[in-house]
Amino acid sequence: MNTNQNILVKLKDAGFKINDKWLVQGVSLQVEKGKIVTLIGPNGSGKSTTAKIALGIYKKIEGEVEKYTNKIGYVPQKISIDWTLPLRVNDFMVLTESLKNEIIDEALSLTGVIHLKDKNLGDLSGGEFQRVLLARAISKKPELLVLDEPVQGVDFTGEIALYELIKKISDELNCGILLISHDLHTVMSATDHVVCLNGHVCCSGTPMDVAKNNEYKVLFGEQASQILSRYEHRHDHIHTDEGKIKKN
Amino acid sequence: MFDDFFIRALVAGIGVAFVTGPLGCFVIWRRLSYFGDTLAHSALLGVTLAFTMEFNIALSVFIISSLIALTLIQLQKRTNLPGDALLGLLAHSSLAVGLVVIGFLTFIRFDIMGLLFGDILAVTVDDLLIIWVGGAVILLILKLIWKPLFASTVNYELAEAEGLNPDRAKAIFTILMAAIIAISIKMVGLLLITGMLIIPAAMARNISSSPQRMVIYSIIGGLLSVILGLFTSLEFNTPSGPSIITAALFLFILSLFNIKQSIKLKN
C-alpha cells in the first residue's frame, strides 16, 4: 500500500546474498518525487547492490521492494558493451524507449555531447561515454533516476556542471533520484537524504545529521567529517569484517 | 508457376533469406553461433521422428529443437559444466542418436546427403507455404520483441532496470531460432544452417555502421547468396546448401575489401 503518493520506490529491510555471502543486508530507504537520496560508503559496502535491488535487477532478495513507477532511467556503474554491435550514440539513446529527434538532441546538449551524436559508441572516451549514459537516462524524462557514480571519468569542471544538471533535473522533472557518489562535497550540498552503507545501514538522515554521526567519521576519516562538521559522538557499535554490527 | 523445381527452390530460398538476415544478426551479436549449430544438429532427430511417425518434418524439427533448447537451459542450471561443453554434448549426441535411429529405419530410403546439405529437388509447394507463412510469423514476432531483445543484447541490466523484461524476450528468441531451423532445413541442410545465419550477417557487419543497416545488408546478402548459389547449383549440378554458403562466403570476402578501401579513403 502506498500511503504516501510521492513515494517512487521503497525498500524494507532489503538484503541480497550470493553463495551465502551477504552483499548488503537490512536496508530500508525510500525515494520520493523531487528528492535526491544519496548512498555513500566504502568500496564493497553494497551501494551498487542496493541500487540493483531497488531496480529489480536482483530478484531473489530478502525483505521487500515496492516500486510505484515504471518510468525509470538508470546509469549503471559498470557497463560492458559488446563491440560486435555497430552502435552509434543515436542508436544507444533510443535503446529502451523510442524518442523524438528533438528530445534526443536536447538531452545530448544538456550533457554537452551533442557533437558526438553520429559517432560510434566504441570510439568514445570514458568521460564522453559517461555523459552519453547520463543523457540517455534523462532523455526519457523518468520519474525515478538511479545514478551509480554518474560522473566517473568526467573532467573536473564537467563534474561540477553535471552535478548541477542532476540537481536541476530533479527540480524540473520533479523526479526522484537515487544517487551513488564518492564526492562528499556534492553529496553534502545537493542531497536531501544520505544513507551511509557498510554492508548494512550505518547511519542515515540529512547530510548534516550524517556528517555529525560518529559512524560516518569512522568510515570516511576525520577529514571527511570536517567537511561539514566538527561535532563528535561516541561509538555505539563495532564492525565485523563483513560489515555487520558486532554484538558485545 | 511453381511447377518448375528451380522456381520453387528460388522462392523457398528467398523466403528463408528474409528471415535468416535479421535472426543471423542477433546470432552474431549475442554470440549464439554454436547454439545455432546445436539446434541444427538436433534437427536430424526431428527428421527421423517425422519419418517414423509420418508427421510433418518442419513441425517435428521445430518441436525437437525447442526441446533441446529447453534441455540446455536445464543442464546449465543443474551442472557446473561450461556452456560450450554442454552445447557440444547436445549437438553431437543428438546427431549421433539421429543417425542411429536412421540405421534402424531400413524400410525407408533416406537421402542423408540431402538432409545434411540441402536438396532443392525436394522442395514442394507445401514447403513453400511453410517457409513463407512460418517466415512471416517469425519476422512479426521478432519485430514485436525487437526492443527488449536488442536492449538486453546491448546491456542486460539496463533493459531489466528500465522494465523491458529481457528474460521473456530471450526465451521467445530461442523458440524463433528453433523455428527458422525447422523451415530452412530442406533448403540448406542441417550442417549448413548456421552458416546461412551467420555468414551474411558477418558480411553485413563489415559494411554497416548501425544495427538497422546491418539487418538490411544481412538480408540483401542472404538473398544474393541464395540466388547466386542456386544458379550455380543448377549449372554445375552441385548440392544446393554448399553452393549457397559458398556464395555467401564469396560476398563476405568482397566485404573485407570494402573495409580496406574505406580505411584508405579515411587516410
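Remember, it's a predicted structure, so these values are computed and weren't measured experimentally.

We now examine the overall build of chain B. Scanning chain B from terminus to terminus reveals 11 helices and zero strands. Starting at the N terminus and walking to the C terminus, you meet the elements of chain B as α-α-α-α-α-α-α-α-α-α-α. At 19 Å, chain B has a C-alpha radius of gyration in line with the 18 Å of a compact globule built from 267 residues. Across its three principal axes, chain B shows a C-alpha extent of roughly 60 × 50 × 30 Å. By sequence separation, contacts in chain B at least 24 residues apart represent 72% of the contacts at least 6 residues apart.

With that out of the way, let us pick up the sheet that holds strand E9 (residues 201–205) of chain A. Residues and elements named next belong to chain A. Taken together, the six strands give an open sheet; going across it, the order is E5-E6-E7-E3-E8-E9, and neighbouring strands pair in mixed fashion. Whereas interior strands pair on both sides, the edge strands pair on one side only; in this sheet they are strand E5 (72–75) and E9. For this sheet, the mean angle separating the axes of adjacent strands, direction not counted, is 10°. Across five bridges, the pairing between strand E6 (residues 144–148) and strand E7 (residues 176–180) is parallel. Following the sheet pairing, Val 146 is matched in E7 by Leu 178. The sheet strands contacting helix H4 (residues 126–139) are E5 and E6, and the helix crosses E5 at an angle near 170°.

The interface of chain B with chain A comprises 19 residues on the first partner and 20 residues on the second. Secondary structure elements with two or more residues in the side of chain B that touches chain A: helix H1 (5–29), helix H6 (125–154), helix H7 (156–161) and helix H10 (211–236) of chain B. No other element matches the five residues that H7(B) contributes to the side of chain B that touches chain A. Its residues assigned to classes, the side of chain B that touches chain A comprises 10 nonpolar, five polar and four charged.

On to the environment of B:Ser65, then. All names here are of chain B. Relative to the helices and strands, Ser 65 resides in helix H3 (residues 57–78). With 42 residues separating them along the chain, Ser 65 and Leu 23 place their C-alpha atoms 16 Å apart. Ser 65 has contacts with Leu 39, Ser 42, Ala 43, Gly 46, Ala 178, Ile 181 and Ala 182, leaving out every residue within four places of it along the chain.

Angle between the axes and distance between the axes are the two parameters that describe a pair of packed helices. Residues and elements named next belong to chain B. Between H1 and H10, the least distance of the axes is 8 Å, while the angle of their chain directions is 150°. One way to sum up the angle between H1 and H10 is to call them roughly antiparallel. Our pair here, H1 against H10, has a crossing hand that is right-handed. Mapping the contact onto sequence places Phe 6, Ala 9, Leu 10, Gly 13, Ile 14, Ala 17, Phe 18, Thr 20, Gly 21, Pro 22, Gly 24 and Cys 25 in H1 and Met 214, Val 215, Ser 218, Ile 219, Gly 222, Leu 223, Val 226, Leu 230 and Leu 234 in H10. Taken together, the residues of the contact of H1 with H10 sort by class into 15 nonpolar, six polar and no charged.

As a further point, take the sheet that holds strand E2 (residues 21–32) of chain A. All names here are of chain A. On the basis of which strands lie adjacent, the open sheet formed by three strands has the order E2-E1-E4 and antiparallel pairing. Only two strands of the sheet have a single neighbouring strand rather than two, namely E2 and strand E4 (62–67). Taken pair by pair, the neighbouring strands of this sheet meet at an average axis angle of 15°, ignoring direction. Where strand E1 (residues 7–18) meets E2, eight bridges bridge the pair, whose relative direction is antiparallel. Counted as the bridge partner of Ile 7 is Glu 32 from E2. Sheet strands in contact with helix H1 (residues 47–55) are E1, E2 and E4, and its direction is about 120° off that of E1.

Residues and elements named next belong to chain B. The first and last C-alpha atoms of helix H4 (residues 83–104) sit 32 Å apart over 22 residues, in line with the 32 Å expected at 1.5 Å per residue. Of all the residues in H4, the buried ones are Leu 87, Leu 90, Ala 91, Ser 94, Leu 95 and Gly 98. One side of H4 holds all its buried residues, which, seen down the axis, span an arc of 115°. Relative to its buried face, H4 has exposed residues pointing more than 90 degrees away, namely Ala 85, His 92, Val 100, Gly 103 and Phe 104. Residues of H4 that are buried sit in contact with helix H2 (33–53) and H3.

Our next topic: the pairing of E7(A). All names here are of chain A. Across the five residues that make up E7, a large majority, five, are buried. Burial along E7 is two-sided: the face carrying Gly 176, Leu 178 and Ile 180 and the face carrying Ile 177 and Leu 179 are both buried. What joins E6 to E7 is helix H5 (residues 156–172), and the crossover it makes is right-handed.

With that settled, the discussion passes to the environment of A:Ala14. Residue and element names in this part refer to chain A. By secondary structure assignment, the location of Ala 14 is in strand E1. Distance in space between the C-alpha atoms of Ala 14 and Ile 53 is 7.8 Å, their sequence separation being 39 residues. Once residues lying within four places of it in the same chain are set aside, the contact partners of Ala 14 are Val 27, Ile 53, Ile 61, Glu 62, Gly 63, Glu 64 and Val 65.

The next point concerns the environment of A:Asp171. Its place among the elements puts A:Asp171 in helix H5. Separated by 125 residues in the primary sequence, A:Asp171 and A:Gly46 place their C-alpha atoms 28 Å from one another.

On to unusual backbone geometry, then. A positive phi angle, close to 45°, is found at A:Lys141, a residue other than glycine. On the basis of neighbour counts, which here come to 15 C-beta atoms within 10 Å, the residue A:Lys141 falls in the partly exposed class.

Residues and elements named next belong to chain B. With their axes 10 Å apart at the nearest point, H1 and H6 run at an angle of 15° to one another. Taken together, the axis directions place H1 and H6 in an arrangement best described as roughly parallel. Pair H1 / H6 crosses with left-handed handedness. Packed against H1, whose contacting residues are Arg 8, Val 11, Ala 12, Gly 15, Val 16, Phe 18, Val 19, Pro 22, Leu 23, Phe 26 and Trp 29, the element H6 presents Val 125, Asp 127, Leu 128, Ile 131, Trp 132, Gly 135, Ile 138, Leu 139, Leu 142, Leu 149 and Thr 153 at the interface. Tallied by class, the residues present in the contact of H1 with H6 amount to 17 nonpolar, three polar and two charged.

Right, let's talk about the confidence of the model for chain B for a bit. Predicted coordinates in regions of low pLDDT should not be interpreted in detail. Per-chain confidence: chain B averages 89 in pLDDT, with 95% of residues scoring 70 or above. Here the complex is predicted with pTM 0.85, and the ipTM for its interfaces comes to 0.82.

This brings us to the nonpolar core. In this structure, A:Val146, A:Cys196, B:Ala43, B:Val61 and B:Ile181 are the most contacted members of the largest nonpolar core, which totals 154 residues. Top element by residues in this core is helix H8 (residues 166–188) of chain B. It accounts for 13 residues. Not counting residues up to four positions away in its chain, the partners in contact with A:Cys196 are A:Ile40, A:Gly41, A:Cys202, A:Cys203, A:Ser204, A:Val210, A:Glu215, A:Tyr216 and A:Leu219.

Here is what the cut-offs are and how they apply
Counting of residues starts from 1 at the beginning of each chain's written sequence and follows it residue by residue. For naming, the first written chain is A and the first written ligand is 1, with later ones following in the order written. It should be noted that, the model being predicted, local features are given only for residues of pLDDT at least 70 and side-chain atom pairs only at 80 or more, the latter also being counted only at that level, while totals for whole chains, interfaces and linings use all residues. Numbering goes from the N terminus for both helices and strands, where a helix is a DSSP run of H or I of at least four residues and a strand is a run of E of at least two. Each radius of gyration reported is based on C-alpha atoms, and the globular scaling rule is 2.2 Å times the count of residues to the power 0.38. Contact between residues is assigned whenever the C-beta positions, reconstructed from backbone atoms, fall within 7 Å. Strands qualify as paired when DSSP identifies two bridges or more between them. To define axes, lines are fitted to C-alpha atoms, for helices over the stretch in contact only, and angles between the resulting N-to-C directions are given on a 0 to 180 degree scale. Under the grouping applied here, Gly and all other residues not named as nonpolar or charged are polar, the nonpolar ones being Ala, Val, Leu, Ile, Met, Phe, Trp, Tyr, Cys and Pro and the charged ones Asp, Glu, Lys and Arg. Geometric relationships in this document are graded by angle, where less than 35 degrees denotes roughly parallel, more than 145 denotes roughly antiparallel, 65 to 115 denotes roughly perpendicular, and other angles denote oblique. Left-handed describes a crossing in which the near helix is turned anticlockwise from the far one by less than a right angle; the clockwise case is right-handed. To estimate how far a helix should reach, multiply one less than its number of residues by 1.5 Å. Neighbour density around each residue's C-beta defines its exposure: 20 or more other C-beta atoms within 10 Å make it buried, 12 or fewer make it exposed, and counts between make it partly exposed, where C-beta atoms are placed from the backbone. Of all possible arcs, the one meant is that of the directions from the helix axis to the C-beta atoms. Throughout, right-handed denotes a crossover for which the path from the first strand over the helix to the second runs clockwise when the strands point away from the viewer. Note on scores: pLDDT gives the predictor's confidence for each residue, bounded by 0 and 100. Any set of buried Ala, Val, Leu, Ile, Met, Phe, Trp, Tyr and Cys residues joined through C-beta atoms within 7 Å is what this text calls a nonpolar core.

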